[in-house]
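Here are the chains, one letter per residue:
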Amino acid sequence: MRIGILGTGGMADALGAQWLRSGHEVLFGGRDLGRAAALARRRGGAFGSLHQAADFGTDAVLMALPWQAAVEVARQLPLAGRVVIDCTNPVGAGFRLLTAGAPSAAEQLAIAAGPEAHVVKAFNLCHEDVWRLTPPVFDGRPLGVPLSGDDEQALAVVRQLVRDVGCEPFTAGELDQGAALLEATAALLIRLWVGEGVDAQSIAPPGESAGPRDPAAALTRSS
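### Some thoughts on unusual backbone geometry
Piece 1. Following Thr-134, the chain continues to Pro-135 via a peptide bond in cis, the omega torsion being -5°.
Piece 2. Mapped onto the elements, Pro-135 comes out in the loop between helix 6 (128–131) and strand 7 (137–138).
Piece 3. The phi dihedral of Phe-95 falls on the positive side, at around 60°, and the residue is not glycine.
Piece 4. Structurally, Phe-95 can be placed in the loop between strand 5 (83–86) and helix 5 (105–113).
Piece 5. By relative accessible area, which is 26% here, Phe-95 ends up partly exposed.

In structure tokens:
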């Protein structure tokens with residue numbers, strides 16, 4: 001695949017390196033061409049401006065910028081027809097979800113990118129260091145990556161990119177519901193990991209002990 005990466009920070013570096021290792025073509029794009037060039041030299045990909053990265057990413061574009069910058073940049077770039085992967089988290093001081101009471105960051109990004117762009121929320125629940133693992137496997141189990149989006153073809157592309165990192169893709173619903181849940185989950189996990197210093201994985205029991213798989217039964221039990 002041809003993947004354009006918008007940003008030159010840790011997430012761009014980690015995921016870009018994984019996809020290059022899997023045989024994909026990657027162009028790192030940034031406002032600072034020097035940083036983009038340094039990243040490309042370190043990882044082996046190409047580099048250019050944000051506009052060039054969006055133009056290059058005919059199969060996928062990773063939005064690896066701070067979420068408010070990502071929304072602003074999306075208004076200025078040719079993203080029509082692109083699969084746009086949103087890994088941002090709108091979490092601020094005090095681990096507050098900055099989009100509370102408003103559309104999710106992914107929904108705002110989708111509006112900014114235009115109706116012909118296909119935004120998929122993914123890769124937002126883990127720190128960049130997790131994506132550097134080859135592969136991200138814990139206790140013998142591949143890491144699960146929830147995806148939220150509206151376009152099945154776009155979701156199929158991102159599922160493959162998740163598998164190429166060595167992870168297992170999970171469906172987390174359409175963008176107008178799933179993205180907000182994923183972003184709120186990220187805010188909670190960051191609060192627990194960073195703010196409280198606890199093992200957040202311990203809050204999710206494995207397998208059948210998690211409860212009924214039937215949605216009606218689950219809703220009945222929680223009401």
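### Side note on the nonpolar core
Piece 1. Counting 34 residues, the largest nonpolar core has Trp-19, Ile-85, Phe-123, Trp-131 and Val-158 as its most contacted members.
Piece 2. Not counting chain neighbours up to four residues away, the residues in contact with Val-158 comprise Val-83, Ile-85, Val-120, Ala-122, Phe-123 and Leu-147.

### Thoughts on the side chain of Glu-107
Piece 1. Here Glu-107 is to be found in helix 5.
Piece 2. Here Glu-107 occupies a buried position and makes no salt bridge, while the nearest side chain of opposite charge, Lys-121, is found at 9.7 Å.
Piece 3. A polar contact of 3.0 Å, which involves the side chain of Glu-107, links it to the backbone nitrogen of Ser-104.
Piece 4. Discounting chain neighbours no more than four positions away, the residues touching Glu-107 are Leu-175 and Asp-176.

### With respect to the side chain of Ser-104
Piece 1. Mapping Ser-104 onto the fold places it in the loop between strand 5 and helix 5.
Piece 2. A relative accessible area of 2% means that Ser-104 is categorised as buried.
Piece 3. Discounting chain neighbours no more than four positions away, the residues touching Ser-104 are Thr-99, Leu-175, Ala-179, Ala-180 and Glu-183.

### Focus on the confidence of the model for the chain
Piece 1. Confidence in the prediction for the chain averages 91 pLDDT; 92% of positions are at 70 or higher.
Piece 2. A low-confidence stretch, residues 217–223 stays under pLDDT 50, and its non-local contacts, those more than four residues away or across chains, total three contacts.

### Here we look at the packing of helix 1 (residues 10–21) against helix 2 (residues 33–43)
Two numbers describe a pair of packed helices, the interaxial angle and the distance between the axes.
Piece 1. It is at 10 Å that the axes of helix 1 and helix 2 come closest, and there the two elements cross at 40°. Comparing their axes, helix 2 and helix 1 come out oblique. Both helix 1 and helix 2 take part in a crossing whose hand is right-handed. Residues Ala-12, Asp-13, Ala-17 and Leu-20 of helix 1 pack against Leu-39, Arg-42 and Arg-43 of helix 2.
Piece 2. Residue composition of the contact of helix 1 with helix 2, grouped by class: four nonpolar, no polar and three charged.

### Let's talk about the pattern of salt bridges
Piece 1. The full count for this structure, using the stated rule, is ten salt bridges.
Piece 2. For Arg-42, the salt bridge identified is with Asp-13, shortest N-O distance 3.6 Å. In this pair, Arg-42 is assigned in helix 2 and Asp-13 in helix 1, connecting sequence segments 29 residues apart.
Piece 3. Under the relative-accessibility criterion, Asp-13 is labelled buried at 8%.
Piece 4. In this structure, Lys-121 and Asp-86 form a salt bridge, with 2.9 Å as the shortest nitrogen-oxygen distance. Taken together, the residues span a long stretch of sequence, with Lys-121 in strand 6 (residues 118–121) and Asp-86 in strand 5 at a distance of 35 residues. Like Asp-86, Lys-121 is buried.
Piece 5. What emerges from the salt-bridge pattern is a single network uniting Asp-13, Arg-42, Arg-43, Glu-128, Asp-129 and Arg-132.

Criteria and thresholds
- Residues numbered from 1 in each chain as written.
- Predicted model: local features only at pLDDT ≥ 70, side-chain atom pairs only at ≥ 80, totals over all residues.
- Heavy atoms only, no water.
- Helix = DSSP H or I, 4+ residues; strand = E, 2+ residues; numbered from the N terminus.
- Buried < 20%, exposed > 50% of the residue type's maximum accessible area, 1.4 Å probe, protein only.
- Core = buried A, V, L, I, M, F, W, Y, C linked by side-chain atoms within 4.5 Å.
- Contact = heavy atoms within 4.5 Å.
- Lys, Arg positive; Asp, Glu negative; His and termini not counted.
- Salt bridge = Lys/Arg side-chain N within 4 Å of Asp/Glu carboxyl O.
- Polar contact = N/O pair within 3.5 Å; in protein donor to acceptor, adjacent residues only side chain to side chain.
- pLDDT = per-residue confidence, 0-100.
- Axes fitted to C-alpha atoms, helices over the stretch in contact; angles between N-to-C directions.
- Parallel < 35°, antiparallel > 145°, perpendicular 65-115°, else oblique.
- Left-handed = near helix turned anticlockwise from the far one by under 90°.
- Nonpolar A, V, L, I, M, F, W, Y, C, P; charged D, E, K, R; others polar.

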